Amino acid sequence: MAQHGNETTGGGARAATPLSFELFPPRTDAAAIALGRTIDRLVDVDPAFISVTFGAGGSSRDRSLTVLRYILEQTDVEPMAHLTCVGSSHAEANDLVRRFLDAGIRSFLALRGDLPDGADPDAPLGDLGTAAELVQLIHRVQQEREPFQEVEVPGNPGASRIRERARDTRVAVATFPNGHPRSRDLDQDVDILLAKEAAGANLAITQLFWVADDYLTFVERARTGGVTIPILPGIMPTTSPARLARLTELTGVQAPAEFAIALEIEPDATGRTDIGIAFATDLAAEVLAGGAPGLHLYTYNRHEAVLDVVDRLGLAPNPQTTNERNVTRR
Ligand code: FAD
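The paragraphs below set out a description of the structure included in this document.

In terms of regular secondary structure, the chain is built from eleven helices and eleven strands. Looking at the chain as a whole, 47% of its 330 residues qualify as buried. Look at the contacts in the chain between residues 6 or more apart in sequence, and 77% of them connect residues 24 or more apart. Here the chain has roughly 16,100 Å² of accessible surface; of this, 49% comes from carbon and sulfur atoms.

Another aspect to go through is the site of the ligand. In the vicinity of the ligand, 23 residues are found, and the nearest of them are F54, D114, A131, H180 and K196. The contact in question runs from an oxygen atom of the ligand to an N or O atom on the backbone of G113, over 3.1 Å. Between the ligand and the protein, one listed contact pairs an oxygen atom with a backbone N or O atom of R182 at 3.4 Å. Considering the ligand on its own, with 970 Å² of exposed area, one finds that the protein chains cover 79% of that surface. Breaking the shell around the ligand down by element, the ones donating at least two residues are β3 (78–84), β4 (107–111) and α5 (186–199). Considering each element in turn, the shell around the ligand owes the most residues, four residues, to α5.

Moving on to the packing of aromatic side chains. In total, this model carries six aromatic pairs according to the counting rule given. Each ring, one from F24 and one from Y300, has its centre 5.6 Å from the other, and the planes form 70 degrees; the classification is edge-to-face. Of this pair, F24 sits in the loop between β1 (19–23) and α1 (29–43) while Y300 is found in the loop between β11 (295–298) and α10 (304–312), placing the two residues 276 residues apart along the sequence. We classify Y300 as partly exposed; its relative accessible area is 40%.

Across a sheet, paired strands are connected by hydrogen bonds in the backbone, their directions being either parallel or antiparallel. The nine strands are arranged β9-β8-β7-β4-β3-β2-β1-β11-β10 in an open sheet whose pairing can be described as parallel. At either margin of the open sheet sits one strand with a lone partner, and together these are β9 (231–232) and β10 (234–235). Here β4 pairs with strand β7 (residues 170–175) via four bridges, running parallel. Among the inter-strand pairings, A110 is bridged to a residue of β7, identified as V173.

Moving on, we come to the packing of helix α6 (residues 212–224) against helix α9 (residues 269–289). Between α6 and α9, the shortest axis-to-axis distance is 9 Å and the interhelical angle comes to 25 degrees. With respect to their mutual orientation, α6 and α9 come out roughly parallel. Relative to α9, α6 is oriented so that their crossing is right-handed. Residues A212, Y215 and L216 of α6 lie in contact with α9, whose contacting residues are L283, E286 and V287.

Attention shifts here to the pairing of β4. Regular strands place their side chains on alternate faces of the sheet. Most of β4 is tucked away, with five of its five residues classed as buried. What you see with β4 is no split at all: S107, L109 and L111 on one side and F108 and A110 on the other are buried throughout. Where β3 lies against β4, five bridges are found, and the strand directions are parallel. Its bridge partner being in β4, H82 is matched across the sheet by L109.

With that settled, consider the pairing of β11. Going residue by residue along β11, you find L295 and L297 tucked away on one face and H296 and Y298 tucked away on the opposite face as well. As defined by bridge partners, β1 adjoins β11 across four bridges and the pair is classed as parallel. Looking at the pairing, S20 lines up with H296 of β11. Pairing between β10 and β11: two bridges, direction parallel. Bridge pairing links I235 to L297 in β11.

Before going further, it helps to spend a moment on unusual backbone geometry. With a phi close to 55 degrees, Y300 is a non-glycine residue in the positive phi region. With phi around 60 degrees, N301 is a residue other than glycine that occupies positive phi space. Position of N301 among the secondary structure elements: in the loop between β11 and α10.

On inspection of all chains with the given rule, the structure shows ten salt bridges. Between R98 and E144 there is a salt bridge, with the nearest N and O atoms lying 3.2 Å from each other. Taken as a pair, R98 in helix α3 (residues 90–102) and E144 in helix α4 (residues 131–145) lie far apart in primary sequence, 46 residues in all. For E144, a relative accessible area of 48% gives the class partly exposed. Of the charged contacts, one joins D274 and R312 as a salt bridge, the two residues approaching to 3.3 Å between their closest N and O atoms. Placement of D274 in helix α9 and of R312 in helix α10 is noted, with a sequence separation of 38 residues between them. For D274, a relative accessible area of 42% corresponds to the partly exposed category. Its relative accessible area of 41% is what places R312 among the partly exposed residues. Through salt bridges with shared partners, a single network forms among D274, D308 and R312.

Analysis parameters
Every chain's residues receive numbers from 1 upward, in the order its sequence appears when written. A pLDDT threshold of at least 70 governs which residues receive local features in this predicted model, and a stricter bar of 80 or more applies before side-chain atom pairs are shown or counted, although totals over entire chains, interfaces and linings include all residues. Excluding hydrogens and water, the side-chain figures rest on all heavy atoms present in the structure. Secondary structure follows DSSP: runs of H or I at least 4 residues long count as helices, runs of E at least 2 residues long count as strands, and numbering of each begins at the N terminus. The rule is simple: take the accessible area with a 1.4 Å probe, protein chains only, and divide by the maximum for that residue type; under 20% is buried, over 50% is exposed, in between is partly exposed. In this description, contact between two residues means that some pair of their heavy atoms is separated by no more than 4.5 Å. Reported accessibility uses the Shrake-Rupley method at a 1.4 Å probe radius. Residues are deemed covered only where the shown protein chains occlude them. Only a single heavy atom is needed: when it lies within 4 Å of a molecule or strand, its residue is near that molecule or strand. Here a polar contact means two N or O atoms within 3.5 Å. Within protein one must be a hydrogen donor candidate and the other an acceptor candidate, and residues neighboring in sequence count only if both atoms are side-chain atoms. We call Phe, Tyr and Trp rings a pair once their centres come within 6.5 Å, taking the six-membered ring for Trp, and we label the pair stacked below 30 degrees between planes, edge-to-face above 60, and tilted otherwise. Strands pair, by our definition, only if DSSP identifies at least two bridges between them. Angular values range over 0 to 180 degrees, each being the angle between N-to-C directions of two axes fitted as lines to C-alpha atoms, with helices fitted over their stretch in contact. Should an angle fall under 35 degrees it is called roughly parallel, over 145 degrees roughly antiparallel, and 65 to 115 degrees roughly perpendicular, with every other angle called oblique. Rotating anticlockwise by less than a right angle from the far helix to the near helix defines a left-handed crossing, while the corresponding clockwise rotation defines a right-handed one. Salt bridge, as used here: a side-chain nitrogen of Lys or Arg that lies within 4 Å of a carboxyl oxygen of Asp or Glu.

Given below as structure tokens:
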């Protein structure tokens, strides 16, 4: 599995710039079939992982797990499970983590999650109030499942050492270059990211953003504040004004007016696709030039736009590698 870090370029046949994608669990059988095809196409560019979102309050738990299992069993790409803890008791959160580990999942995006729309924002959040606590819980449950074992040291009778774990658990967390809607200021976002790292997070993935400098300045601020884990930029190619408006509403992050207007006034769907993909490609190129350790692309369960961005950036592995992988894939 490719590592994420400014110094890391991935190994073997992996693309030099680590790529990853986000999907959400489908709601219908038809959507599930379409998603299978999407995953097969995404796998062709050799992503470091594919993450699958988790509905607030666990509403999508089984559907998320089905998609994660498909990735685990039908591809050689690492599946990453988003998990949320808001509203859960300790026992429920423990059980949830155990269930995903039992299914073979070893990469997580630990999130607090949000209370349902209309809930009292000051209502109790459950036993785990922050994502940092979920990060700790994931590591603890993993350690309980795989207790340390001692093995003999060859050539040294009587001596023993602790057996190395087969594979470390990757625990990623969310971070917000433009500030979480409920945070006081960006310093608080950095402090919260630092707390997540102290709890054991080894990767951060950003909320989507529209201006490269917002990401780059936030990373600089985080480094000054003591954050050392890789901070992966999250980018969503957006090709419709309706979706752009919805994303602005959901995240509170405003897109540049020229981009919003260009999408709005373009009458032709192909023209809008071009505008959205060109914008995302430029944004990705700028953050990569500024030192981003890879790209995390929000797919909206479609492969076309994200793969177009990957292609325009020249990050797709060569076709021969792709064909070989198709033949040898499990
Ligand atoms: P936290 O980091 O725990 O905290 C969020 C905010 O709470 C902070 O910014 C701060 O305002 C406050 N806070 C936290 N700790 C403290 C503290 N110690 N002191 C004071 N204030 C504090 N949601 C889903 O339901 N499902 C998903 O699959 C999902 N995937 C996501 C993927 C990404 C990449 C991102 C960026 C977000 C995702 N979300 C998802 C949304 C996320 O759950 C919400 O943004 C939620 O409000 C915050 O989650 P968090 O893990 O960042 O929480």
